[in-house]
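Structure at a glance
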Amino acid sequence: EEPIEIEMLGVEVRGIDKKELVFVEDGNSNEVIVLSLDGDVVKHIPVGDEPHDIAVSPDHTYVATANAVGNSVSLISVQSLEVMGTYPSGRGGHGVAFSPNGKFVFVANAEENTLSVFDTSDMSLRNKISVDEYPEYVGVTKDGSKVFTTNLGDSGSLTVLENLGLDSRVIR
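So, here's what we can say about the structure.

Rules of the game
- Residues numbered from 1 in each chain as written.
- Predicted model: local features only at pLDDT ≥ 70, side-chain atom pairs only at ≥ 80, totals over all residues.
- Heavy atoms only, no water.
- Helix = DSSP H or I, 4+ residues; strand = E, 2+ residues; numbered from the N terminus.
- Buried < 20%, exposed > 50% of the residue type's maximum accessible area, 1.4 Å probe, protein only.
- Contact = heavy atoms within 4.5 Å.
- Polar contact = N/O pair within 3.5 Å; in protein donor to acceptor, adjacent residues only side chain to side chain.
- Pairing = 2+ DSSP bridges.
- Salt bridge = Lys/Arg side-chain N within 4 Å of Asp/Glu carboxyl O.
- Lys, Arg positive; Asp, Glu negative; His and termini not counted.
- Axes fitted to C-alpha atoms, helices over the stretch in contact; angles between N-to-C directions.

**Focus on the environment of K128**
For K128, the position within the fold is in strand β12 (residues 124-130). Among the residues examined, K128 registers a relative accessible area of 39% and is labelled partly exposed. Between the C-alpha atom of K128 and that of L115, which follows or precedes it by 13 residues, the distance is 5.6 Å. Setting aside residues no more than four positions away along its own chain, K128 makes contact with S89, G90, N109, E112, T114, L115 and S116. Reaching out from K128, the side chain makes a polar contact with the backbone oxygen of S89 at a distance of 3.5 Å. Here E112 takes part through its side chain, which lies 2.8 Å from a polar atom of the side chain of K128.

Dropping the structure here:
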């Protein structure tokens with residue numbers, strides 16, 4: 001019998017009762033697994049289909065997953081360990097990142113070559129920006145002035161956006 005290959009990505013945050021928790025996205029089971037630092041499973045949280053990336057808000061109150069097959073982003077409360085909602089983002093949500101001020105969530109939509117911008121106050125999709133082919137991951141500079149997507153299409157490029165929140169725009 002061949003071993004099962006599992007690809008997981010996790011982030012560590014301070015959570016319930018001030019314990020440190022690790023949130024791991026598991027694309028095979030469509031869930032986020034919450035672990036204590038000693039490896040005990042605290043909870044399994046169902047999210048959208050095939051979570052591909054995970055990010056924590058700057059104030060450590062939320063965790064977001066980009067769901068590749070679900071074409072969505074899920075927002076999880078760190079305090080309650082419950083999904084606050086799952087929101088349509090675009091085809092093939094791969095990368096996800098919060099702005100440093102926590103006001104925006106960015107999702108790279110690999111199958112439609114766009115970057116979705118969500119307003120975290122109500123998780124409304126406020127903008128969808130065209131980027132290069134097959135954006136995989138999203139990064140935001142520490143000062144929040146720039147947003148980047150790594151693009152795995154033929155060009156193997158990097159898209160640089162000026163972070164103006166809802167009015168973000170490609171500059172390179």
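**Here we look at the pairing of β12**
Along a regular strand, successive side chains alternate from one face of the sheet to the other. Alignment of strand β11 (residues 114-119) against β12, held across six bridges, turns out to be antiparallel. Bridge pairing in β12 places D119 opposite S124. The turn linking β11 back onto β12 is made up of four residues, and M123 within it adopts a positive phi angle of 55°.

**A word on the sheet that holds strand β14 (residues 146-151)**
Judged by pairing direction, the sheet is antiparallel, and its four strands sit side by side in the order β13-β14-β15-β16 without closing on themselves. Both outer strands of the open sheet, β13 (135-140) and β16 (169-170), are each paired with one neighbouring strand and no more. Inspection of the sheet shows β13 paired to β14 by five bridges, in the antiparallel sense. Bridging from a neighbouring strand, V140 pairs with V147 of β14.

**Quick word on the pattern of salt bridges**
Under the criterion given, the structure shown has four salt bridges. Between E82 and K43 there is a salt bridge; the shortest N-O distance is 2.6 Å. Residue E82 is located in strand β8 (residues 82-88), and its partner K43 is located in strand β4 (residues 41-46); the two are separated by 39 residues in the primary sequence. The class of E82 is partly exposed, set by a relative accessible area of 41%. Residue K43 is classed as partly exposed on the basis of its relative accessible area of 25%. The shortest N-O distance in the salt bridge between R91 and E112 comes to 3.5 Å. Of the two residues, R91 sits in the loop between β8 and β9 (93-98) while E112 sits in the loop between β10 (104-109) and β11, which places them 21 residues apart along the sequence. On the basis of relative accessibility, which here comes to 19%, the residue E112 falls in the buried class.

**Details of the side chain of D53**
Examined against the element boundaries, D53 turns out to sit in strand β5 (residues 51-56). Lacking a salt bridge, the buried D53 has K128 as its closest oppositely charged neighbour, with an N-O distance of 17 Å. Among the polar contacts listed, one links the side chain of D53 to the backbone nitrogen of V96, at a separation of 3.1 Å.

**Quick word on unusual backbone geometry**
Of note, L81 is a non-glycine position whose phi angle comes to about 55°, a positive value. Counting through the fold element by element, L81 comes out in the loop between β7 (72-77) and β8. L81 sits in the buried class, given a relative accessible area of 4%. Residues other than glycine seldom take positive phi values, yet Y134 does so here, at roughly 55°. Within the element layout of this structure, Y134 appears in the loop between β12 and β13. With a relative accessible area of 31%, Y134 lands in the partly exposed category.

**Notes on the sheet that holds β12**
Read across the sheet, four strands follow the order β9-β10-β11-β12 without closing on themselves; strand pairing throughout is antiparallel. The open sheet has two edge strands, β9 and β12, and neither has a second partner. Shown here is a sheet whose adjacent strand axes are inclined to one another by a mean of 20°, direction ignored. Two strands pair when backbone bridges link them, and β9 and β10 are joined in this way by five bridges, in the antiparallel orientation. The partner of V96 across the bridge, within β10, is V107.

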